[in-house]
Amino acid sequence: MSALATAYVDSKTMLRRNMVHAKRYPAMTFSMILMPIVLLLVFNYVFGGALGASTGRYIDYLTPGMMLIIPAYMIAGVAVSMCTDVTKGIVNRFRTMHISQSSILTGQVVGSWIQGMLGVAAMTGVAVLAGFRPSASPVEWLAAIGLIGLVFFALNWLGVAFGLVAQTPESASNMPMPILLLPFLGSGLVPTDTMPAGVRHFAEYQPFTPITETLRGLLMGTEIGNNGIMALAWCTGIAVLGFCWSTSLFRRRAD
């Protein structure tokens, strides 16, 4: 069997392990998915009356931004899971086996990706029940799903890197905190032009704003402009950074 085929088979095995682990210990995954849904309902029903004055139907404005909170929250779960495997010696045990070493990281990334995408589907269903009415065509829906999937892929690799660099699961859960705040400091909840100058400048140039505006444009038909290119550039850059950082840390731990 070739090295590529071996890596593929071993990655499937590690993916299955990750999914079984999530099924047996669902508390963290459940909380990472449930909290953004609760925030969606709180912002819509508690703050929507006031915030909707500048955005039209607030649920339509809010939902695309809230979809991106799930990958931001999931990064902490990925980091904790990876750090737990490392600190408990499971990764060292895997290294003694005749398996592809890259499959250990790939299984973690893909497993979390599947859980996150299911979470976005659940949030979309709740948003529809709350009044969300997207105008996207089937092609635009596919593009939106692809963009969300790319965000998950990029942030999951970054989460794996956080898990490898952290010394304890507790510190791994705290390291992604700045990333958890970024969706709230962008255009996900309110337009950036309503913010004070300093906050507005930060919001306009951080990664989640162009991603949010691209997703909102695909689902609601608003202007995308150059946000699409910026969103893809940010996602690609984060994915490359996370992948290179993760593999470097993994090799260093092996040495």
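What counts as what
- One numbering rule holds for all chains: residues counted from 1, following each sequence as written.
- With the structure being a predicted model, the display of local features is reserved for residues of pLDDT at least 70 and the display and counting of side-chain atom pairs for 80 or more, all residues being used for whole-chain, interface and lining totals.
- Working from all heavy atoms in the structure, the side-chain values ignore hydrogens and water.
- For patch detection, residues must exceed 30% relative accessible area and be free of salt bridges, and they are connected within 9 Å for like charges or within 5 Å for nonpolar side chains (Val, Leu, Ile, Met, Phe, Trp, Tyr).
- Surface accessibility in these figures is a Shrake-Rupley result with a 1.4 Å probe; residues are shielded only by whichever protein chains are displayed.
- Any Lys or Arg side-chain nitrogen found within 4 Å of a carboxyl oxygen on Asp or Glu counts as a salt bridge.
- Numbering of helices and strands runs from the N terminus; a helix is a DSSP stretch of H or I covering at least four residues, while a strand is a stretch of E covering at least two.
- Only the stretch in contact is used when a helix axis is fitted, and all axes are lines through C-alpha atoms; the angle between N-to-C directions ranges over 0 to 180 degrees.
- Note on angle classes: values under 35 degrees are labelled roughly parallel, values over 145 roughly antiparallel, values of 65 to 115 roughly perpendicular, and the remainder oblique.
- In what follows, a contact means two residues having at least one pair of non-hydrogen atoms within 4.5 Å.
- Residues are grouped as follows: Ala, Val, Leu, Ile, Met, Phe, Trp, Tyr, Cys and Pro are nonpolar; Asp, Glu, Lys and Arg are charged; every other residue, Gly included, is polar.
- Residues are called lining when one of their atoms sits within 4 Å of a cavity or pocket point, these points coming from a 1 Å grid over the protein atoms alone, where a cavity is a set in which a 1.4 Å probe fits but cannot get out and a pocket is an open set with protein on both sides within 12 Å along at least five of seven lines.
- Grid points are joined across faces, edges and corners, and a volume is the space filled by probe spheres set on the points.
- Buried means the residue's accessible area, taken with a 1.4 Å probe over protein chains only, is under 20% of the maximum for its type, while exposed means over 50%, and partly exposed covers the values in between.
- Side-chain atoms within 4.5 Å are what join buried Ala, Val, Leu, Ile, Met, Phe, Trp, Tyr and Cys residues into a set we call a nonpolar core.
- For a helix, the expected span equals 1.5 Å multiplied by the residue count minus one.
- A residue's pLDDT is the predictor's confidence in that residue, given on a scale from 0 to 100.
- In this scheme Phe, Tyr and Trp rings, the latter by its six-membered ring, pair at centre separations within 6.5 Å, and the angle between planes marks the pair as stacked below 30 degrees, edge-to-face above 60, and tilted otherwise.
- Charge-over-ring placement is defined geometrically: NZ (Lys) or CZ (Arg) within 6 Å of the ring centre, and within 35 degrees of the ring normal.

Asks: I'd love a proper account of a nonpolar patch on the surface, names of residues and values included.
Replies: Taken together, the side chains of Phe30, Leu34, Met35, Val38, Leu41, Val42, Tyr45, Val46 and Phe47 define a hydrophobic patch exposed on the protein surface, amounting to about 810 Å² of accessible area. Checked against the element boundaries, leucine 34 lands in helix H2 (residues 27-51).

Asks: Now, about the packing of helix H3 (residues 58-67) against helix H4 (residues 69-87): what can you tell me, with residues and values included?
Replies: What describes two packed helices is the angle between their axes and the distance between those same axes. As a packed pair, H3 and H4 sit with axes 4 Å apart at the nearest point and diverge in direction by 25°. As summarised for this structure, H3 and H4 are arranged roughly parallel, according to the angle between their axes. In contact with Gly65, Met66 and Met67 of H3, H4 contributes Ile69, Ile70 and Pro71. A per-class count over the contact of H3 with H4 returns five nonpolar, one polar and no charged.

Asks: Explain empty space enclosed by the protein residue by residue, including any values.
Replies: Enumeration over the complete set of coordinates arrives at two cavities of 30 Å³ or more. Roughly 60 Å³ of volume is contained in the largest cavity. Surrounding the largest cavity, Met14, Arg17, Asn18, Met82, Asp85, Phe94, Ile104, Gly107 and Gln108 form its lining. Among the secondary structure elements, those contributing two or more residues to the lining of the largest cavity are helix H1 (3-24), H4 and helix H6 (102-129). A class-by-class count of the residues in the lining of the largest cavity yields four nonpolar, three polar and two charged. Lining the second largest cavity are Val151, Ala154, Leu155, Pro207, Phe208, Ile211, Cys235 and Ile238. At the level of secondary structure, the elements contributing two or more residues to the lining of the second largest cavity comprise helix H7 (138-165), helix H11 (208-220) and helix H12 (227-254).

Asks: Before we move on, can you summarise the side chain of glutamine 115 with the specific residues and values?
Replies: The residue glutamine 115 is located in helix H6 in this model. On the accessibility criterion, glutamine 115 (10% relative accessible area) is buried. For glutamine 115, the contacting residues outside a window of four places in its chain are Asn18, Met19, Ala22, Thr29, Ile33 and Met74.

Asks: Can you break down the nonpolar core residue by residue, with the values?
Replies: The biggest cluster of nonpolar side chains holds 55 residues, and the ones touching the most others in it are Met66, Met67, Leu155, Leu215 and Leu219. When residues of this core are traced back to their parent elements, those giving at least two are H2, H3, H4, H6, H7, helix H9 (177-181), H11 and H12. Looking at this core, the element that brings in the most residues is H4, giving ten residues. Apart from residues lying up to four places away in sequence, methionine 67 is in contact with Val120, Met123, Thr124, Phe132, Ile148, Leu215 and Leu219.

Asks: Explain H4 to me, and be specific about the residues and the numbers.
Replies: It helps to recall that an α-helix has 3.6 residues per turn; residues three or four apart then point in one direction. For H4, which comprises 19 residues, the first-to-last C-alpha distance of 28 Å matches the rise-based estimate of 27 Å (1.5 Å per residue) to within 8%. Burial analysis of H4 places 16 of its 19 residues in the buried class, the great majority of the element. One or two residues past the end of H4 sits glycine 89, with phi positive at roughly 85°.

Asks: Explain the layout of surface pockets residue by residue, including any values.
Replies: Quantified by volume, the second largest pocket comes out at close to 160 Å³. Along its surface, the second largest pocket is lined by Tyr61, Ser187, Pro191, Thr192, Asp193, Glu204, Thr209, Pro210, Glu213, Arg216, Asn227 and Met230. When residues of the lining of the second largest pocket are traced back to their parent elements, those giving at least two are H11 and H12. Residue contributions to the lining of the second largest pocket peak at four residues, all from H11. Looking at the lining of the second largest pocket, its residues break down into four nonpolar, four polar and four charged.

Asks: Break down the confidence of the model for the protein chain for me, with residues and values.
Replies: Counting all residues, the mean pLDDT for the protein chain is 86, and 91% of those residues have values of 70 or more. When mean pLDDT is taken per element in the protein chain, H11 scores highest with 95 and helix H5 (residues 90-95) scores lowest with 71.

Asks: I'd like a description of the packing of aromatic side chains, backed by residues and values.
Replies: All chains considered together, the criterion is met by three aromatic pairs. With 5.1 Å between their ring centres and 85° between their planes, tryptophan 157 and phenylalanine 243 make a pair best called edge-to-face. Residue tryptophan 157 is found in helix H7, and its partner phenylalanine 243 is found in helix H12; the two are separated by 86 residues along the sequence. For tryptophan 157, a relative accessible area of 6% gives the class buried. By the ring-pair criterion, three or more aromatic residues cluster together here, those being Phe153, Trp157 and Phe243. Between the NZ or CZ atom of arginine 216 and the centre of the ring of tyrosine 61, over which it lies, the distance is 3.7 Å.

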